[in-house]
Amino acid sequence: MSGLKDAPRSCYCGEPRVGDVGKELVLKGWVHHRRDHGGLIFIDLRDRSGICQAVLDPSTMDARGFDEAHSLRNEYVLAVRGKVTPRLEGTVNPNLATGEIELKITEFEVLNASRPVPFKLDEYAQLSEDVRLKYRYLDLRRPEMQRNIILRAKAMAAVREHLDGEGFLEIETPILNKSTPEGARDFLVPSRLTPGRFYALPQSPQIFKQILMIAGYDKYYQLPKCFRDEDLRANRQPEFTQIDIEMSFVTPEDVYRTMEGLVRHIFKRTKDCDLQTPFPRMTYDQAILRYGSDKPDLRFGLEIVDLTDMVKAGGCSFQVFANALESGGVLRAFRVPGGARIYSGTQLRAEGDLNKTARTCGAGGMAWFQVVEPTGADRGGLKSSIAKFFDPDLQTRIRTAMEGQPDDLILMVADRPGIAAAALSQLRLKVARDNGLIDDSKPALCWITDFPLFEYDEKTKQYSPSHHPFTMPVEEDLGALRAGELGKVRAHAYDLVLDGEEIGGGSIRIHDREIQSLVFRTLGIDEEAARMKFGFLLDALQYGAPPHGGIAFGFDRIVMILLGESSIREVIPFPKTQTGVCMMSDAPAPVGRDQLDELGLAFVEKP
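Residues numbered from 1 in each chain as written. Predicted model: local features only at pLDDT ≥ 70, side-chain atom pairs only at ≥ 80, totals over all residues. Heavy atoms only, no water.

A. Spotlight on the sheet that holds strand β3 (residues 50–56). Reading around the circumference, β1-β2-β3-β5-β4 is the order of the 5 strands in this closed barrel, with mixed pairing throughout. Taking the axes of each pair of neighbouring strands and ignoring which way they run, one obtains an average angle of 55 degrees across the sheet. Two elements, strand β4 (residues 77–86) and strand β5 (residues 101–112), share 10 bridges in a ladder whose sense is antiparallel. Bridge pairing in β5 links Val84 to Leu103. (Pairing = 2+ DSSP bridges. Helix = DSSP H or I, 4+ residues; strand = E, 2+ residues; numbered from the N terminus. Axes fitted to C-alpha atoms, helices over the stretch in contact; angles between N-to-C directions.)

B. Here's a closer look at the packing of aromatic side chains. Evaluated as defined, the whole model comprises 16 aromatic pairs. Relative to Trp447, the ring of Tyr256 lies with its centre 4.7 Å away and its plane at 40 degrees, an arrangement referred to as tilted. Taken together, the residues Tyr256 in helix α6 (residues 252–271) and Trp447 in strand β18 (residues 445–449) connect sequence positions 191 residues apart. Seen in terms of ring centroids, Phe520 and Phe534 are 4.9 Å apart; in terms of plane orientation they differ by 15 degrees. Their pairing is stacked. In this pair, Phe520 is assigned in helix α16 (residues 513–522) and Phe534 in helix α17 (residues 527–540), connecting sequence segments 14 residues apart. With respect to burial, Phe520 and Phe534 carry one shared label: buried. Each residue in the set Phe318, Phe321, Phe369, Phe389 and Phe390 is aromatic and connected to the rest through ring pairs, giving one cluster. The cationic tip of Lys134 hangs over the ring face of Tyr135; the distance from NZ or CZ to the ring centre is 5.8 Å. (Phe/Tyr/Trp six-rings, centres within 6.5 Å; stacked < 30°, edge-to-face > 60°. Buried < 20%, exposed > 50% of the residue type's maximum accessible area, 1.4 Å probe, protein only. Lys NZ or Arg CZ within 6 Å of the ring centre and 35° of its normal.)

C. Structural view of the sheet that holds strand β16 (residues 382–383). Taken together, 5 strands build an open sheet; the order of strands is β13-β14-β17-β15-β16 and the sheet is antiparallel. The sheet is open, and its two edges are formed by β13 (304–306) and β16, each paired on a single side. Inspection of the sheet shows strand β15 (residues 367–371) paired to β16 by 2 bridges, in the antiparallel sense. Looking at the pairing, Val371 lines up with Leu382 of β16. Strands in contact with helix α9 (residues 319–326) are β14 (330–336), β15 and β17 (409–415); relative to β17, the strand with the most contacts, it is inclined by about 45 degrees. (Contact = heavy atoms within 4.5 Å.)

D. View of the pattern of salt bridges. Counted by the stated rule, this structure contains 40 salt bridges. Glu565 is the salt-bridge partner of Arg147, the closest N and O atoms lying 3.3 Å from each other. With Arg147 in helix α4 (residues 143–165) and Glu565 in the loop between α18 (555–563) and α19 (593–599), this residue pair connects regions lying 418 residues apart in the sequence. A salt bridge links Asp272 to Lys268; the nearest nitrogen and oxygen atoms lie 2.8 Å apart. (Salt bridge = Lys/Arg side-chain N within 4 Å of Asp/Glu carboxyl O.)

E. Just the nonpolar core, in detail. Residues Ile243, Ile245, Met259, Leu262 and Phe553 are the most contacted members of the largest nonpolar core, which totals 74 residues. Beyond its immediate stretch of four places on either side in the chain, Phe553 contacts Thr241, Gln242, Ile243, Ile245, Met259, Leu262, Val263, Leu496, Ile503, Gly504 and Ile558. (Core = buried A, V, L, I, M, F, W, Y, C linked by side-chain atoms within 4.5 Å.)

F. A look at the pairing of β5. Examined bridge by bridge, β3 and β5 share 3 bridges and lie parallel to one another. Bridging from a neighbouring strand, Val55 pairs with Lys104 of β5.

G. A look at the environment of Phe390. The topology assignment puts Phe390 in the loop between β16 and α13 (392–401). By relative accessible area, which is 2% here, Phe390 ends up buried. Residues contacting Phe390, with those up to four places away along its chain left out, are Gly315, Cys316, Phe318, Phe321, Phe369, Gln395 and Ile398.

H. Representation of α4. A rise of 1.5 Å per residue sets the reference length of α4, with its 23 residues, at 33 Å; its end C-alpha atoms lie 32 Å apart and thus fit the reference within 8%. Residues of α4 that are buried: Met145, Gln146, Asn148, Leu151, Arg152, Ala155, Ala158, Val159, His162 and Leu163. Once α4 finishes, Gly167 follows within two positions and takes phi at roughly 85 degrees, a positive value. (Expected span 1.5 Å × (residues − 1).)

I. Layout of empty space enclosed by the protein. A full pass over the atoms with the stated rule returns 2 cavities of 30 Å³ or more. In this structure, the second largest cavity spans a volume of roughly 40 Å³. Around the second largest cavity sit Leu133, Arg136, Phe574, Pro575, Cys582, Met583 and Met584, which together line it. Each residue belonging to the lining of the second largest cavity can be placed in one class, and the counts come to 6 nonpolar, no polar and 1 charged. (1 Å grid on protein atoms, 1.4 Å probe; cavity = no way out; pocket = protein on both sides within 12 Å on 5 of 7 lines; lining within 4 Å. Points joined across faces, edges and corners; volume = space filled by probe spheres on them. Nonpolar A, V, L, I, M, F, W, Y, C, P; charged D, E, K, R; others polar.)

J. Molecular detail of the pairing of strand β19 (residues 454–457). For β19 and strand β20 (residues 462–465), the ladder comprises 4 bridges, and the chain directions are antiparallel. Note on β20: the bridge partner recorded for Asp457 is Gln462. The turn joining β19 and β20, which pair antiparallel and follow one another in sequence, is formed by 4 residues; a positive phi near 60 degrees is taken by Lys461.

K. Examining the packing of α16 against α17 more closely. Axis separation between α16 and α17 bottoms out at 11 Å; the angle between their running directions is 145 degrees. Handedness of the crossing formed by α16 with α17: right-handed. Here Arg513, Gln516, Ser517 and Phe520 of α16 come into contact with α17, specifically with Glu527, Ala530, Arg531, Phe534 and Leu538. Taken together, the residues of the contact of α16 with α17 sort by class into 4 nonpolar, 2 polar and 3 charged. (Left-handed = near helix turned anticlockwise from the far one by under 90°.)

L. View of the layout of surface pockets. Its boundaries defined by the atoms lining it, the second largest pocket holds a volume of some 790 Å³. Taken together, 25 residues form the lining of the second largest pocket, with Phe187, Leu188, Leu201, Asp229 and Pro588 sitting closest to its centre.

M. Spatial organisation of α17. Along its 14 residues, α17 runs just 16 Å from first to last C-alpha, ending more than 12% under the 20 Å computed at 1.5 Å per residue. Where α17 is buried, its residues contact α5 (206–214) and α16.

N. Seen up close, unusual backbone geometry. Of note, the bond from Thr277 into Pro278 is cis; its omega dihedral lies within 30 degrees of zero at 0 degrees. Looking at the element boundaries, Pro278 is found in the loop between α6 and β12 (281–283). In this structure, the amide linkage connecting Ala587 to the following residue, Pro588, adopts the cis form with an omega of 0 degrees. Residue position: Pro588 is located in the loop between α18 and α19. At Asp218, a residue that is not glycine, the phi angle is positive and equals roughly 70 degrees. A relative accessible area of 32% places Asp218 in the partly exposed class. Its identity is not glycine, yet Asp586 carries a phi of approximately 65 degrees, on the positive side.

O. View of a nonpolar patch on the surface. A cluster of nonpolar side chains, contributed by Tyr137, Phe574 and Met584, occupies part of the molecular surface with about 310 Å² of accessible area. As for its placement among the helices and strands, Phe574 is situated in the loop between α18 and α19. Exposure remark for Phe574: the relative accessible area of 47% places this residue in the partly exposed category. (Patch = residues over 30% accessible without salt bridge, like charges linked within 9 Å, V, L, I, M, F, W, Y side chains within 5 Å. Areas by Shrake-Rupley, 256 points an atom, 1.4 Å probe, with all protein chains shown as cover.)

P. A look at the packing of α4 against α6. Here α4 crosses α6 at 140 degrees, and the two axes come no closer than 9 Å. Classified by the angle their axes make, α4 and α6 are oblique. For the pair α4 and α6, the sense of crossing is right-handed. Counting all contacts with α4, which are made through Leu151, Lys154, Ala155, Ala158, Val159, Glu161, His162 and Leu163, the residues of α6 involved are Thr258, Gly261, Leu262, His265, Ile266, Arg269, Thr270 and Lys271. Split by residue class, the contact of α4 with α6 holds 7 nonpolar, 5 polar and 4 charged. (Parallel < 35°, antiparallel > 145°, perpendicular 65-115°, else oblique.)

Here it is, written out as structure tokens:
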């Protein structure tokens, strides 16, 4: 059983077909399963391309070799030589691409043995995530994970293929830079050569890609690693991959058109899916009003309607609503078709799941109406424990505004605008998920435009950039910016949303030194602080900076959605846990005292 180790493979395990019958092939891979039927031994040989059934038959190989085949175990690395034969009638496996053929082995060689694995590498394995991540080198062998990582590679190739064809240049930017305020905590890196000073790992290549535009490179892209020391969720990691793009002499329309072509190409290359362009658009204000979120899921309806003015006009004596509206709040609602037949009175009570969902967003609760035929005691056409506080004419106006039909359910929240929006956004998502209203058959993409330039923090009582401090204000709002009316200033900023997830965000950048300084001053960054943090950018803006703009996509998140996964850990080869730990390598790990001394570092207790 020798000589196969150095023999070239004829093809991958998942490639032989009926057209190869009669050919002698050399295959190499892992033993996925071994089935010993006494007279015959069947081996499912696996590599990244798939599985091929190989048969060890004493009539086609020497007795010693057949005896040794009884010692083969799962995950042994094997090289085999044999002839492709058709499977017998009744044994064809339609679930395998190679299911019509098998390889009759004439010789094999064990290239490496394997210890008994801690879990079976088949599609039915149910494993805890910690076990999977600890043995990631085994988990990555699973066909499901290999499918994910292979599609990731195809998506990355599609990005380069399209952008190269559009005249973009792939240019690398530094990993070691200085700490700058970009909305999240930096990972800091000490340096032996400069004691007391720190590099920062990039949250994004933002400043450097702007410098490249000032330097005249016109169209830049990169697939960089970015780093943020922030709390983790299912769709976040401390290190992640972006599709980072910048262009000179562009308007938002140019960005939309070019990026739609890129996203369309990614879907075509990876899923053979033809997206319709242009993608729909709505302003930030429209998205918040109609869907309660700046990343609306458009795969289902349940659109929100503002009833504030209608109820303010009269006919409502419900004190909870009256108090909310008098204090500057809003009353908004959405209709659930047939919802009165779906949700019982128990489910709609204060302790029910829907009310709990509203309260998790800070709302006091949720109110509801069932739509009924407008007759008798219910002549307004709405039925609820609070219906008596609404006169019939107001009920009729609400029913008409909501386009209510008998057996529909109207869910309502009265609160401050931000809280009402968030509560209704989560309620519509819950109703859609609970009742199978989400149509997964077609991706739902949408541009969100005209973001506010600043957002107000109720806790700190301060404004901060909605995106980052290099975003160009809408020209018509520069007067409001100079007057300090920050809540009125819109940004030339845009997000691309896919199936309710933000997959990319960008803006037209500030290319005028005076406007950039004005934004810094507005944010409380004085000239000295601005020079310390961004001096080289401020200087560069004075040397003929062209108008420019760009976008950054969350590459991992796009791949996650393409594959229908719920966590980006399923599409990253070596992810961290939700506590930022690599279970396989045990990073982050302590370092020796000598390394700390060389860097001039010492630990102190947190106050």
